[in-house]
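Residue-level listing of the chains:
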Amino acid sequence: MIEMSGTINMEIYYWWCTALMVIIHAGFLAYEMGASRVKNALASGVKNILAFAFIIPTFFFFGWWIYLAFPYGLIPSADGDGGLPWATAMGPNLADNASGVFWAAFTLFAATTASIYSGAVIERIRLSGFCILAIVLGSFAWILGAAWGWHPDGWLHTEFGYHDVGAAGVVHMVAGFFALGVVINLGPRLGRFTADGKVLEIAGHSVPMTLIGLMLIIVGFFGFLGGCIIYVTGDQWVNIYNQPATLSAFAFNTLMGFAGGIIGCFLMTRDPFWMMSGALAGIISAASGLDVYHPALAFLIGFVGGLIIPKVQDLLLKLRIDDAVGAFAVHGVAGLWSVIACGIFASGYPSPGGPESSLLGQLVGAAVMAGLGFIPGYVVSLILKMVGLLRIPSGPEIAGLDVVEIPIRPYPESGPPQTAHTAPAE
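Report on the accompanying structure. Each chain has its residues counted from 1, following the order in which its sequence is written. Totals for whole chains, interfaces and linings use every residue, but because this is a predicted model, local features are given only for residues with pLDDT of at least 70 and side-chain atom pairs only at 80 or more, for both listing and counting. Water and hydrogen atoms play no part in the side-chain values, which are based on all heavy atoms of the structure.

1. Some words on the layout of surface pockets
Right, on to step 1. One number sums up the size of the largest pocket: a volume of about 580 Å³.
Right, on to step 2. A 1.4 Å probe that fits but cannot get out identifies a cavity on a 1 Å grid over protein atoms alone, an open set with protein on both sides within 12 Å along at least five of seven lines counts as a pocket, and a residue lines either if it has an atom within 4 Å of a point. Around the largest pocket sit 25 residues that line it, and Glu201, Asp271, Phe273, Trp274 and Ala324 are the ones nearest its centre.
Right, on to step 3. A helix here means a DSSP run of H or I that spans at least four residues, while a strand means a run of E at least two residues long, and both kinds are numbered starting from the N terminus. Within the residue set of the lining of the largest pocket, elements represented by two or more residues are helix H1 (2-35), helix H7 (207-226), helix H8 (247-269), helix H9 (272-287) and helix H10 (295-318).
Right, on to step 4. Looking at which element gives the most residues to the lining of the largest pocket, the answer is H10, with five residues.
Right, on to step 5. Taken together, the residues that form the lining of the largest pocket break down as 13 nonpolar, six polar and six charged. Grid points are joined across faces, edges and corners, and a volume is the space filled by probe spheres set on the points. In this classification, the charged set is Asp, Glu, Lys and Arg, the nonpolar set is Ala, Val, Leu, Ile, Met, Phe, Trp, Tyr, Cys and Pro, and all remaining amino acids, among them Gly, are polar.

Below is the structure:
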C-alpha cells in the first residue's frame, strides 16, 4: 500500500508539472500577441496554438521514440521500441503509471521549443512554413539533443560529463539557434531597416499584454524545471543524470537567477520588456547547474545573463537580422552562457554514469546544441524559401496577417487609433 501510494504521488507530481507548463504557452500567446502590431495580433496567437497542436501528435508518433532510441549517437537502439506508437507503454496500462506522465512532460518541453522560436518570426512568416518548422524543431531537433545530452545514457554525458540539469542547452540553445537560422532566411519585417541600415522601431500594440505574458512564462517555468527532476518513490530525488538532487536547490536557484536577470537588464536598458526578458534569461542562465550552485552564485550568473542579452540583440540589429522578440539573445545566448558557466563553476562534479563535469565537456555540448539548432533551422527554412512557403508576399504583409490568414479583427474598429499603426514599407 505504501509503495503504491508513492507511485501514485509520482504520477500526480508530473501531472501537475505538465499542467503548469501549459501556462508557458498561455504566456507565449499573450507575449507574442502583445509584441505584434494590431493587424497581426491574432495571427501571432493562432500560430502558437497550431504549433502546440501539431507537436502533440508528431511527438507521440516519432518524437518520444527518438529520445529513447538515440542516446548513443545516430544509430537507433532497441531501447526505442518502448516509444513506438503501438508499444504497450504508449497507451492505457494499469501496470504502468509512469510512461504517460513522462511522455506528457516531454511533449510540453517539445512544445516550449516551438514557442521559443515562434516569437522571432512574427508578422511575416507563412502559417504553413511556420508549422513545418515547428515540427522539425519540437519533434526532431531538440529531442535528438535531449537524447544525447539530457538522458542518463546520452553520449554527451557518458563520454564528456555534460551537465545541463535545467535544459538550458537542450531546450533553450537549440530553440534559440534554430530561430537564428530561420530569421536569416526569412529576412526582416518591411520597414524594420532603412536602405542605409538605420534601425526603425516597430512597436507592438500592447506592452502590458507582453509583460503579463512574460510573467506567465515565469510561472510555467516552475512546472518546466520541476519536470527536470526525477521523483524516486521511497528515496531522494535525482536529476536527469541520476545524480542526487533536491527541489529545495531548484527553488533557491530559480528565484535567485530570476532576480539577477531582472536587475542586470534593468541596469542595461531600463526597458520593462527587457527587464522581464531578463527574468527569463536569468533563470535560463542558472539552469544548467541548478542542482549544485550556491544561491549567491546563481544570482551572479543570472545577473551576467541579464547584462548580456540586450547587447546581443543590438548586435543582431547591426547585422540587419530581425529577431522580433530577441529569442536568440534570451534563449540561445543565455542558454550558451548557462552551459559554459556550469563548466566554469561546477567543473569536477561527479556522476555515476559518466566522467566528472568539465569545461571541455560543456563546450563540446554547447557546440552540439548550437549545431542541432542552427543547421536544421537554416537548411529547412532555406528549402521552404526556395519553394515559396516561408514568407508571405509584401502586399499581405502590409495589409496584415489577421485580415489575410485568419480572417478576424482582434479589436473593434472603434479601438484606439494608435493600435492600428503600421510601419512604412521599404
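2. Here we look at empty space enclosed by the protein
Right, on to step 1. For the coordinates displayed, the defined rule picks out three cavities of 30 Å³ or more.
Right, on to step 2. Space inside the largest cavity adds up to approximately 70 Å³.
Right, on to step 3. As for the largest cavity, its lining consists of Asn40, Ala43, Ser44, Lys47, Glu123, Ile125, Leu127, Leu401, Glu405 and Ile406.
Right, on to step 4. Those elements giving two or more residues to the lining of the largest cavity turn out to be helix H2 (41-69) and helix H14 (401-405).
Right, on to step 5. Of the residues forming the lining of the largest cavity, the biggest block, three residues, is contributed by H2.
Right, on to step 6. In the lining of the largest cavity, the residues fall into five nonpolar, two polar and three charged.

3. Some words on the side chain of Asp402
Right, on to step 1. Tracing the backbone shows Asp402 in helix H14.
Right, on to step 2. Think of a polar contact as two N or O atoms within 3.5 Å of one another; within protein, one of them needs to be a possible hydrogen donor and the other a possible acceptor, and neighboring residues in sequence only count if both atoms come from side chains. Polar contacts involving the side chain of Asp402 include one to the main-chain amide nitrogen of Ala41, which spans 3.3 Å.
Right, on to step 3. Only 3.1 Å separates the side chain of Asp402 from the backbone nitrogen of Leu42, close enough to count as a polar contact.
Right, on to step 4. In what follows, a contact means two residues having at least one pair of non-hydrogen atoms within 4.5 Å. Those residues in contact with Asp402, other than ones at most four positions away along the chain, are Val38, Lys39, Asn40, Ala41, Leu42, Ala43, Pro407, Ile408 and Pro410.

4. Quick word on the pattern of salt bridges
Right, on to step 1. Any carboxyl oxygen of Asp or Glu within 4 Å of a side-chain nitrogen of Lys or Arg constitutes a salt bridge here. A complete count under the given rule lists seven salt bridges for this structure.
Right, on to step 2. One salt bridge connects Arg37 with Glu123, and the closest N-O pair in it is separated by 3.1 Å. Taken together, the residues Arg37 in the loop between H1 and H2 and Glu123 in the loop between helix H3 (99-120) and helix H4 (127-149) connect sequence positions 86 residues apart.
Right, on to step 3. With relative accessibility at 4%, the residue Arg37 sits in the buried group.
Right, on to step 4. A salt bridge links Asp322 to Arg124; the nearest nitrogen and oxygen atoms lie 3.8 Å apart. Taken as a pair, Asp322 in the loop between H10 and helix H11 (327-345) and Arg124 in the loop between H3 and H4 lie far apart in primary sequence, 198 residues in all. No difference in accessibility class separates Asp322 from Arg124, as the two residues are buried.
Right, on to step 5. Among the charged side chains, a network of salt bridges with common partners joins Arg37, Glu123, Arg124, Arg189, Arg192 and Asp322. Working definition: with a 1.4 Å probe on protein chains only, accessible area under 20% of the residue-type maximum means buried, over 50% means exposed, and in between means partly exposed.

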